Amino acid sequence: RLDTVSLPLRVVVKGPANESDFALSYVMDVLEDHKQDLEMLVKSLDWNDLKSVGISIETYDPASITAEPEAEVEMEETEHPVQLTLDNVPAGYRLSVEDRASVLRFVKELIEDNIDDQFQLIKVAYAGSENNPSIDGKTRGDDNPSTNSNPSSLASLHKNNGRSLLTSRRLDSISLPLQITVKGSSDFSDFALSYVMEVLKDNMQDLVRKFKSLDWDTFKNVLISTSSYDPDSISEPSLEMVDMEETEHPVQLIFKNVAAGYRLSAEDRASLIRFVKELLEDNLDESMELIEVAYAGTQSLRSLQHTRRLDTLSLPLQITVKGPANRSDFALSYLMDVLEDNKQDLVKYLKSLDSNAFKDVKISSQSYDLPSITTGPEAEMVVMTESEHPVQLTFNDIVAGYRLSAGDQASIIRFIKELLEDNIDESLELVQVAYAGRDGNRSLLSHNRRLEVLSLPLRITVRGPADESDFALSYLMDVLEDNKQDLVKYLKSLDSNAFKDVKISSQSYDLPSITTGPEAEMVVMTESEHPVQLTFNDIVAGYRLSAGDQASIIRFIKELLEDNIDESLELVQVAYAGRDGNRSLLSHNRRLEVLSLPLRIT
């Protein structure tokens, strides 16, 4: 497109040997800083051609720049299958032969105006069947009875990797298969298809305007995309025979944010399933016939399945459809798409059943494993087991020096027990909430260096289904997280001053890490030296720090560390680690705008 020009340069500089590795990036930085001046210079050469120029700077491999004359380029013609897909077109629309020819001419001119001069556009031709006018559109409501009632009308599908490009579920997409012939270097023939599609993509707004000029009402909301297709998939009339088959598909509707404890009656469930059936019948593609929508849950269940808070309900369905055998693999995802597109209608229907229970409902759909929905009494057989889970509550932003008494600790643990009992899933039984710290620790909570963080290690024992024990820990932590504001209020009721800004988090811990014996008190102390460099950016160019100011800064850093480091550490020394002979005391970069202070902290 002749819209990118490169100028390879070799820049030679002379400077300190120990900075040569950084010279390239520095030179590029200087050019980058003066890029606006460079752009103005370039624009002054030819304002019309270069008025919108943008310049970037990058490095390159010198070996890649050759001074040899270009070898003679071998040219060849190649044909490329490109399909234009028009979405948001009214159902049943047909593109006339005249309009199609006009679009092809426009596409040809558009490519000729924008294609790189190393390519020559030879031809833009329609690749569909002239004997099959439905190839450009859908057939719902067609006046031709043979195409309106005969399922074999599906034979005029274009297929890309087995998917239908023509028959969308709403019949609101049409496709225009093209064969675009270009001539160019044989070295680039493999890339010509993607290049042609890129040219069309970059000029898509012009193409949209062209379609709107043909028929504003039809194309006012049109969205156009490009794709390739298999030329062999452009069907001829001999493909009119389509095998139809019935298939069953497991679809589960999930209703979130339902009032806690709500149960759907058998009558409402049956009503809801009838509504889903009518919704699908009204919106399915005519290539598909809806046979049945059946409830796939346990018949003994008088309600929908629910989660721990009873605020998420699920409705497992078995949906049977009849359609082309070669599309059966895509029927499940298609059904879920239809439900997704019409879920607002489903929301309104749920609210008509119970406006309070479903006032904030959100709906999603997913597939499920058919054998996982059982209908026999064996579904009631659940093995229960006890499991113990380590959960540590951490209270941040506590008033420094605060210690929790044994009585308050016991009171908090009782509150947590009641909180869990009120909120965990009925499939779980809370057995015990026990303190997991050391009995000899009268402060009962550990703390960090500023005594502003307290932790409360617990062992929480629950009884529930054996196959869910692996998830119990994360579930318990979720319950605590969801109800932590209640715990914050309770802590403030114990001591409003100590906990006025408290923030609570929960995490798991390694059970053996909470020790109960005196061996936890044995700590070996050692000295260690650590290199730390302070870097001061954006300093006035040319500034030097005096020896006195350097010493003053180091004293301040020592005091700052002494006031703030953990009490488990003792600050031994903060020493300057630079060269004594350097009277400027701080190194600097090429512009003298960055100063550094190397330290040894023991």
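Cut-offs used in this document
Residues numbered from 1 in each chain as written. Predicted model: local features only at pLDDT ≥ 70, side-chain atom pairs only at ≥ 80, totals over all residues. Heavy atoms only, no water. Helix = DSSP H or I, 4+ residues; strand = E, 2+ residues; numbered from the N terminus. Polar contact = N/O pair within 3.5 Å; in protein donor to acceptor, adjacent residues only side chain to side chain. Contact = heavy atoms within 4.5 Å. Buried < 20%, exposed > 50% of the residue type's maximum accessible area, 1.4 Å probe, protein only. Patch = residues over 30% accessible without salt bridge, like charges linked within 9 Å, V, L, I, M, F, W, Y side chains within 5 Å. Areas by Shrake-Rupley, 256 points an atom, 1.4 Å probe, with all protein chains shown as cover. Salt bridge = Lys/Arg side-chain N within 4 Å of Asp/Glu carboxyl O. Lys, Arg positive; Asp, Glu negative; His and termini not counted. Charge placed at Lys NZ, Arg CZ, Asp CG, Glu CD. Expected span 1.5 Å × (residues − 1). Arc of directions from axis to C-beta. Core = buried A, V, L, I, M, F, W, Y, C linked by side-chain atoms within 4.5 Å. Pairing = 2+ DSSP bridges. Axes fitted to C-alpha atoms, helices over the stretch in contact; angles between N-to-C directions. Phe/Tyr/Trp six-rings, centres within 6.5 Å; stacked < 30°, edge-to-face > 60°. Lys NZ or Arg CZ within 6 Å of the ring centre and 35° of its normal. pLDDT = per-residue confidence, 0-100. Parallel < 35°, antiparallel > 145°, perpendicular 65-115°, else oblique. Nonpolar A, V, L, I, M, F, W, Y, C, P; charged D, E, K, R; others polar. Left-handed = near helix turned anticlockwise from the far one by under 90°.

Colleague: Account for the side chain of Glu 39, with residues named and values stated.
Modeller: Along the chain, Glu 39 falls in helix H2 (residues 35-45). A distance of 3.1 Å separates a polar atom in the side chain of Glu 39 from the backbone nitrogen of Ile 55. The contact partners of Glu 39, leaving out residues within four places of it in the chain, are Val 53, Gly 54 and Ile 55.

Colleague: Give me unusual backbone geometry: which residues, what numbers.
Modeller: Despite not being glycine, Asn 257 shows a phi value in the positive range, around 65 degrees. Relative to the assigned elements, Asn 257 resides in the loop between strand E7 (244-256) and helix H9 (266-283). We note that Asp 397 has phi near 60 degrees; this positive angle belongs to a residue other than glycine. In this fold, Asp 397 is placed in the loop between strand E12 (384-396) and helix H12 (406-423). Among the residues examined, Asp 397 registers a relative accessible area of 37% and is labelled partly exposed.

Colleague: Pulling in residues and values, what's your account of a negative patch on the surface?
Modeller: A contiguous patch of negative charge, built from Glu 74, Glu 76, Asp 187 and Asp 190, is present on the exposed surface. Inspection of the secondary structure assignment puts Asp 190 in the loop between strand E5 (174-185) and helix H6 (192-202).

Colleague: Please provide a residue-by-residue account of helix H15 (residues 547-564), values included.
Modeller: Between the first and last C-alpha of H15 there are 26 Å, a value that for 18 residues agrees with the 26 Å anticipated at 1.5 Å per step. Those residues of H15 not exposed but buried are Gln 550, Ile 554 and Ile 557. End-on view of H15: buried residues confined to an arc of 60 degrees, all on one side of the axis. Relative to its buried face, H15 has exposed residues pointing more than 90 degrees away, namely Arg 555, Phe 556 and Asp 563. Where H15 is buried, its residues meet strand E17 (530-536), strand E18 (574-576) and strand E20 (595-601).

Colleague: Could you give me a rundown of the nonpolar core, with the residues and numbers involved?
Modeller: Among the nonpolar cores identified, the biggest contains 36 residues, and Phe 255, Leu 280 and Ile 319 are the most heavily contacted of them. Secondary structure elements with two or more residues in this core: E7, H9, strand E8 (289-295), strand E10 (312-324), helix H10 (328-341) and helix H11 (343-353). One finds Ile 412, Val 433, Ile 460 and Ala 472 within the second-largest nonpolar core, a separate group that totals 35 residues.

Colleague: Just give me the short version of the pairing of E7, but keep the residues and values in it.
Modeller: Relative to E10, E7 is paired through 13 bridges, and the arrangement is antiparallel. Its bridge partner being in E10, Lys 256 is matched across the sheet by Thr 312.

Colleague: For the sheet that holds strand E1 (residues 75-87), give the residues involved together with the corresponding values.
Modeller: One open sheet holds the four strands; their spatial order is E2-E5-E1-E6, and the pairing between them is antiparallel. For this open sheet the edge positions go to strand E2 (120-126) and strand E6 (223-228), each flanked by a neighbour on one side alone. For this sheet, the mean inter-axis angle between neighbouring strands, taken without regard to orientation, is 30 degrees. Where E1 and E6 come together, six bridges link them in antiparallel fashion. Bridge pairing in E6 links Leu 84 to Thr 226. Its contacts with the sheet place helix H4 (residues 97-114) against E1, E2 and E5, and it is angled at close to 160 degrees to E2. The strands touched by H6 within the sheet are E1, E5 and E6, with E1 carrying the most contacts at an inclination of about 45 degrees.

Colleague: Can you lay out the pattern of salt bridges for me, pointing to particular residues and giving the numbers?
Modeller: Two side chains bearing opposite charge may form a pair once their charged atoms approach each other closely. A full pass over the atoms with the stated rule returns 11 salt bridges. Between Lys 108 and Glu 112 there is a salt bridge, with the nearest N and O atoms lying 2.8 Å from each other. Here Lys 108 pairs with Glu 112, and both are found in helix H4, just four residues apart, close to one helical turn. On the basis of relative accessibility, which here comes to 38%, the residue Glu 112 falls in the partly exposed class.

Colleague: Break down the packing of aromatic side chains for me, citing the residues and quoting the values.
Modeller: With the rule as written, the count across this model stands at six aromatic pairs. With centroids separated by 5.2 Å and ring planes inclined at 75 degrees, the aromatic side chains of Tyr 262 and Phe 358 adopt a geometry described as edge-to-face. Here Tyr 262, found in the loop between E7 and H9, pairs with Phe 358, found in the loop between H11 and strand E11 (362-367); they are 96 residues apart in sequence, far enough to count as distant. Against the face of Tyr 126 rests Arg 100, its NZ or CZ located 3.8 Å from the ring centre.

Colleague: Describe the confidence of the model for the protein, naming the residues involved and giving the relevant values.
Modeller: Mean pLDDT over the protein works out to 77, with 77% of the residues at or above the 70 mark. Note that pLDDT drops below 50 for residues 299-310; the model gives that stretch 48 contacts with residues more than four away or on any other chain. Considering only residues more than four positions removed or in separate chains, one finds that residues 581-589, a stretch of pLDDT under 50, has 22 contacts.

Colleague: Explain the side chain of His 80 to me, and be specific about the residues and the numbers.
Modeller: Inspection of the secondary structure puts His 80 in strand E1. Judged by relative accessible area, which is 7%, His 80 ranks as buried. Dropping the residues within four chain positions of it, His 80 is found in contact with Leu 178, Gln 179, Ile 180, Val 182, Ser 189, Ala 192 and Leu 193.

Colleague: Could you give me a rundown of the packing of H12 against helix H13 (residues 469-482), with the residues and numbers involved?
Modeller: One can describe the packing of H12 onto H13 by two numbers: an axis separation of 10 Å at closest approach and a directional angle of 105 degrees. The orientation of H12 with respect to H13, classified from their angle, is roughly perpendicular. For the pair H12 and H13, the contacting residues are Ile 416, Leu 419, Leu 420 and Asn 423 in the first and Tyr 475, Leu 476, Val 479 and Leu 480 in the second. Looking at side-chain class alone, the contact of H12 with H13 contains seven nonpolar, one polar and no charged residues.

Colleague: So what about the packing of H4 against helix H7 (residues 204-214)? Which residues, and what values?
Modeller: For the pair H4 and H7, the least separation of the axes is 11 Å and the interaxial angle reads 155 degrees. The pairing of H4 with H7 is recorded here as roughly antiparallel in orientation. Judged by the sense of rotation from one axis to the other, the crossing of H4 with H7 is right-handed. Contacts between H4 and H7 involve Asp 99, Ser 102, Val 103, Phe 106, Val 107 and Leu 110 from the first element and Asp 206, Leu 207, Lys 210, Phe 211 and Leu 214 from the second. Here the residues of the contact of H4 with H7 are counted per class, giving seven nonpolar, one polar and three charged.

Colleague: Before we move on, could you go through the environment of Val 82 and cite the residues and values that matter?
Modeller: Assignment of secondary structure puts Val 82 in strand E1. Its relative accessible area of 0% is what places Val 82 among the buried residues. Between the C-alpha atoms of Val 82 and Leu 200, which are 118 residues apart in sequence, the distance is 9.9 Å. Excluding its chain neighbours within four sequence positions, the residues that come into contact with Val 82 are Leu 176, Pro 177, Leu 178, Ile 180, Leu 193, Val 196, Met 197, Leu 200, Ser 227 and Tyr 229.

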